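Here's the letter readout for the chains.
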Amino acid sequence: RLDDDPSRPSYHVTPPANWLNDPNGLIHWNGRYHLFYQYNPAGPFHNTIHWGHAVSDNLVHWEDRPVALTPSPDGPDRDGCWSGCAVDNDGVPTVLYTGGRDKRQLPCIATAADDGLTAWDKDPDNPIIEELPSEPEVLRTEDWEGEFRDHCVWREDGTWYQLIGAGIEGGGGAALLYESADLRNWEYQGPILAGDRDTAGTVWECPELLDFGDRQLLHISNYEDVVYFLGTYADGEFEVDRRDKLDHGDFYAPQSMWTDDGRILTWGWLPEARDVSGQWDAGWSGAMSLPRELSLADDGGLCQRPVPELTELRGDNTSYDEVRLDDGESESLPVESRSFELRATVRLEDADAVELSVLESPDGEERTPIRYTYQSEIAVDRVASSTDPKATSDTQTMRVRPYDAPLSLRVFVDGSVVEVFANERHCLTSRVYPTREDATGISLSAEGGRATVASLDVWELDSVW
Ligand code: DQQ
């Protein structure tokens, strides 16, 4: 593992070196949590994608496993083994993924050859779907004979169902439904939901349907954002009653695992926010988000919280019952770290905003402020995060609810990751690249009035490897 780079996260899953993108094939199998991911072992760029593999007994500590899927030179996945999911087919762990070959995207299937899920047998009949659906017609581009990929598979009353992400000719993205008795022969049923191109993107990648009992959630990745729709899914149709983004920052193509104890855990790809030459210099690219537990609140909204297991990583603690801030006053915390969790309750009193600045150099040349304003907005300001011109310098924002109560904030800083959870509902993840060794400070300040930060804790977090 590359590990001497201060930008390398230590408690977010990363590839041992080289390139990582989407989480794939998430499965809790024989008591172990398996996380596969889009991986290029040849370098820190997206090409000839394999499936990398990491495994954990407790969702906290991870171990690298050998590459699990490799493109077959003569197979339908010759150009890449793209995203897909895993299911338990009556005791046979099975993955469905997209093979790329020439200009085609071809659904493939493979079954586990060992209990550790380290080797997979690809089905000789791959691809399992060859014809593109014609109603509605799948979008063709210069690069692709059909935008038709990524798989979400589940079983209901003995029948298998599958969603494949697509783009529709003349329309927007869509999640297409298929049905099968045996995971190999699939019958097309039509879109469960299709988006309006202007508001939901031209292609939907990595669709996933999650069941919360009487309500369902469908999320899709539309090249820019991960949009989720909450509502009800029945008889092949998704009825939307609300929609938002799963994360408002650098987070893409998430996938979820149903654990044996009935939880829905979601990981997303945290792409880099530095240019390709910066990634090339680093020798690695991409990290996974923390595993997030998804559930529905009493008011029907979506809750997202880091899995409770992560508290096991907590080391040295700095704690305050209360920090009172006057207008313009700034308070530095006695912590120097690039790898910590901060938890606090923020009350604005009569202030316009409270700023929590992380990865801050003593002179403030490099710093990443997380600003909470009276308009109930959280902004992660990357304008001064790094003096490296290869790093993105902008501001990412999200709205938080409820508007009138104190804000409960959890911030996870890890090398180049700043992952923010607000009110256990809204997430904003940013990638930042301080260059200075002393960009490890944390400070708090208020603007335009007084504010209180209560129950403030900072824990240094250990590595998960
Ligand atoms: N990444 C995969 C595709 C998917 C995209 C290729 C989303 O299967 O559509 O690496 O990031």
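As a convention, each chain's residues are numbered from 1 in the sequence order in which they are written. The predicted nature of this model means local features are confined to residues of pLDDT at least 70 and side-chain atom pairs, given and counted, to a pLDDT of 80 or more, with totals for whole chains, interfaces and linings taken over all residues. Water and hydrogen atoms were dropped before computing side-chain values, which therefore reflect all heavy atoms in the structure.

Participant: Let's hear about the site of the ligand: which residues, and what values?
Facilitator: One heavy atom within 4 Å of a molecule or strand is enough for the residue carrying it to be called near that molecule or strand. Around the ligand, a shell composed of Asn21, Asp22, Gln38, His46, Trp82, Ser83, Arg149, Asp150, Glu205, Tyr252, Ala253 and Trp269 is seen. Contact distances for the ligand include 2.6 Å between an oxygen atom and a side-chain N or O atom of Gln38. Here, Shrake-Rupley sampling with a 1.4 Å probe gives the accessible areas, and only protein chains in the shown set may cover a residue. Out of a free accessible area of 310 Å², the ligand has 93% covered by protein chains. Only runs of H or I of at least four residues qualify as helices and only runs of E of at least two qualify as strands under DSSP, and these elements are numbered from the N terminus. For the shell around the ligand, the secondary-structure elements that each account for two or more residues are strand E1 (18-29), strand E5 (80-89), strand E9 (148-156) and strand E17 (252-258). The class makeup of the residues in the shell around the ligand is four nonpolar, four polar and four charged. Distance and chemistry together define a polar contact, namely a pair of N or O atoms within 3.5 Å, with one atom able to donate a hydrogen and the other to accept it when in protein, and with adjacent residues in sequence counting only for side-chain atoms on both sides. Classification convention: Asp, Glu, Lys, Arg as charged; Ala, Val, Leu, Ile, Met, Phe, Trp, Tyr, Cys, Pro as nonpolar; all other residues, Gly among them, as polar.

Participant: So what about the domain arrangement of the chain? Which residues, and what values?
Facilitator: Note that the domain bounds reflect an automated or database-derived domain assignment. For the chain, the assigned domains read domain 1 (18-271) and domain 2 (315-461). The straight-line distance from the C-alpha centre of domain 1 to that of domain 2 is 34 Å. Residue contacts follow a heavy-atom distance rule, with two residues in contact if any of their heavy atoms lie within 4.5 Å. Contacts between domain 1 and domain 2 engage nine residues on the former and 12 residues on the latter. Values labelled buried area give the accessible surface lost by two parts on being combined, using a 1.4 Å probe and summing over both. Here domain 1 and domain 2 share an interface that buries about 780 Å² over both sides, 40% of which is from carbon and sulfur atoms. Together, His248, Asp250 and Leu270 form the three largest contributors to the area buried by domain 1 at its contact with domain 2, with a combined 61%. Counted as salt bridges are all cases of a side-chain nitrogen of Lys or Arg within 4 Å of a carboxyl oxygen of Asp or Glu. Taken together, domain 1 and domain 2 are joined by one salt bridge. Here Asp250 and Arg382 are joined by a salt bridge, their closest N and O atoms 2.8 Å apart. Here domain 1 is connected to domain 2 by eight residue pairs in polar contact (both at pLDDT 80 or more). When the residues that make up the side of domain 1 that touches domain 2 are grouped by side-chain class, the tally is three nonpolar, two polar and four charged.

Participant: Break down the pairing of strand E13 (residues 205-211) for me, citing the residues and quoting the values.
Facilitator: Summarising burial for E13: six of the seven residues are buried, a large majority. Criterion used throughout: strands pair if DSSP finds at least two bridges between them. Pairing geometry for E13 and strand E14 (residues 216-221), over five bridges, is antiparallel. The residue of E14 that forms the bridge with Leu209 is Leu218. Residue burial is assigned from relative accessible area. The probe radius is 1.4 Å, only protein chains are included, and a residue is buried under 20% of its type maximum, exposed over 50%, and partly exposed in between.

Participant: Can you break down unusual backbone geometry residue by residue, with the values?
Facilitator: A cis amide bond links Asn126 with the next residue in sequence, Pro127, at an omega value of 0°. Secondary-structure assignment places Pro127 in the loop between strand E8 (120-122) and E9. In this structure, the amide linkage connecting Glu135 to the following residue, Pro136, adopts the cis form with an omega of -10°. Here the phi dihedral of Asp102 falls at roughly 50°; this positive angle occurs in a residue that is not glycine. Residues other than glycine seldom take positive phi values, yet Ala253 does so here, at roughly 50°. As for its position among the elements, Ala253 is in strand E17. Assessed through its relative accessible area of 1%, Ala253 is described here as buried.

Participant: So what's going on with the sheet that holds strand E2 (residues 32-40)? Which residues, and what values?
Facilitator: Whether parallel or antiparallel, the strands of a sheet pair through hydrogen bonds between backbone atoms. Pairing is mixed across the open sheet formed by five strands, whose spatial order is E4-E3-E2-E1-E19. Edge positions in the sheet fall to strand E4 (62-69) and strand E19 (284-285), since each has one partner strand and no second. Summarising the sheet, E2 and strand E3 (residues 50-56) pair through seven bridges and their orientation is antiparallel. Paired with Gln38 across the two strands is Trp51, which belongs to E3.

Participant: Give me a negative patch on the surface: which residues, what numbers.
Facilitator: Where like charges cluster on the molecular surface, the negative patch consists of Asp326, Asp327, Glu329, Asp352 and Glu447. Of note, Asp352 is situated in the loop between strand E25 (339-347) and strand E26 (353-360). Classification of Asp352 by relative accessible area gives partly exposed; the value is 38%. Candidate patch residues must exceed 30% relative accessible area and have no salt bridge, after which like charges are joined if within 9 Å and Val, Leu, Ile, Met, Phe, Trp or Tyr side chains if within 5 Å. Positive charges are assigned to Lys and Arg, negative charges to Asp and Glu, while His and the chain termini are left out of the count. Here the site of a charge means atom NZ of a Lys, CZ of an Arg, CG of an Asp or CD of a Glu.

Participant: Tell me what's going on with the packing of aromatic side chains, and back it up with residues and numbers.
Facilitator: Between rings of Phe, Tyr and Trp, where Trp is taken as its six-membered ring, a pair exists when centres lie within 6.5 Å; planes separated by under 30 degrees are stacked, by over 60 edge-to-face, and by other angles tilted. Throughout the structure, instances matching the rule amount to 15 aromatic pairs. Judged by centre distance (6.0 Å) and plane angle (65°), the ring pair of Trp51 and Tyr97 falls under edge-to-face. A residue pair is termed long-range when its members are at least 10 positions apart, and Trp51 in strand E3 and Tyr97 in strand E6 (residues 92-101) qualify at 46 residues. The exposure class assigned to Trp51 is buried, which follows from its relative accessible area of 1%. Here Tyr97 falls in the buried class, since its relative accessible area comes to 0%. One aromatic cluster in this structure is built from Phe36, Trp51, Tyr97 and Trp120. The rule is short: NZ of Lys or CZ of Arg within 6 Å of the ring centre and within 35 degrees of the ring normal puts a charge over the ring. The ring centre of Trp284 lies 5.0 Å from the NZ or CZ of Arg8, which sits over that ring. Over the ring of Trp459 we find Arg314; its NZ or CZ atom is 3.6 Å from the centre of that ring.

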